[in-house]
Amino acid sequence: ACQKAAEWVCALLLFHDMADVRLERNTITYNVTLSACEQGSQWVHALMLAREMTDRRVETDTTTYTEGASSCEKGGQWIHVPYLLGEVAAPLRTMQRSAHVQGGERAQA
């Protein structure tokens, strides 16, 4: 609900409250909060969330990258997009390479 209304403050508060009541914050909850930040043009918060995901080893995906990059674009902060391509997208590239190698092994079998 907070995401659709671009209520980024509400989304961030709910997201941080999750830890207080010991609810797991996962890829989906991070991405929904990133989306709310993107819609609210809150690129600083979006980058902080993306960084937290990598620090906490939460799986990132294309939504993570897209919302983070869009937040930077809306804030006129394209300079930060290489960070997203480097650190945040690195686990995604690793998964894609692994899937490619596994697919190749299946094709050879």
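1. Notes on the environment of A46
Right, so step 1: Mapped onto the elements, A46 comes out in helix α3 (residues 43-55).
Right, so step 2: Judged by its relative accessible area of 1%, A46 falls in the buried class.
Right, so step 3: In this structure the C-alpha to C-alpha distance between A46 and L34, which are twelve residues apart in sequence, comes to 5.3 Å.

2. Observations concerning the confidence of the model for the protein
Right, so step 1: Taken as a whole, the protein shows an average pLDDT of 78; of its residues, 73% reach a score of 70 or greater.
Right, so step 2: Mean pLDDT across the elements of the protein bottoms out in helix α6 (residues 90-108) (51) and peaks in helix α2 (residues 27-39) (92).

3. A word on unusual backbone geometry
Right, so step 1: Positioned with a positive phi, S41 is a non-glycine residue whose angle comes to about 55°.
Right, so step 2: Mapped onto the fold, S41 is located in the loop between α2 and α3.
Right, so step 3: Located in the positive-phi region is R57, a residue other than glycine, with phi close to 60°.
Right, so step 4: With respect to the helices, strands and loops of the structure, R57 is situated in the loop between α3 and α4 (62-74).

4. Regarding the packing of aromatic side chains
Two measures describe an aromatic ring pair: the distance that separates the ring centres and the angle between the ring planes.
Right, so step 1: Taken as a whole and judged by the stated rule, the model has one aromatic pair.
Right, so step 2: The interplanar angle of 70° and the centroid separation of 4.7 Å between the aromatic rings of F15 and Y30 together place this pair among those described as edge-to-face. Remark: Y30 occurs in helix α2 and F15 occurs in helix α1 (residues 8-20); sequence separation between them is 15 residues. The same class applies to F15 as to Y30, namely buried.

Criteria and cut-off values
Residues numbered from 1 in each chain as written. Predicted model: local features only at pLDDT ≥ 70, side-chain atom pairs only at ≥ 80, totals over all residues. Heavy atoms only, no water. Helix = DSSP H or I, 4+ residues; strand = E, 2+ residues; numbered from the N terminus. Buried < 20%, exposed > 50% of the residue type's maximum accessible area, 1.4 Å probe, protein only. pLDDT = per-residue confidence, 0-100. Phe/Tyr/Trp six-rings, centres within 6.5 Å; stacked < 30°, edge-to-face > 60°.

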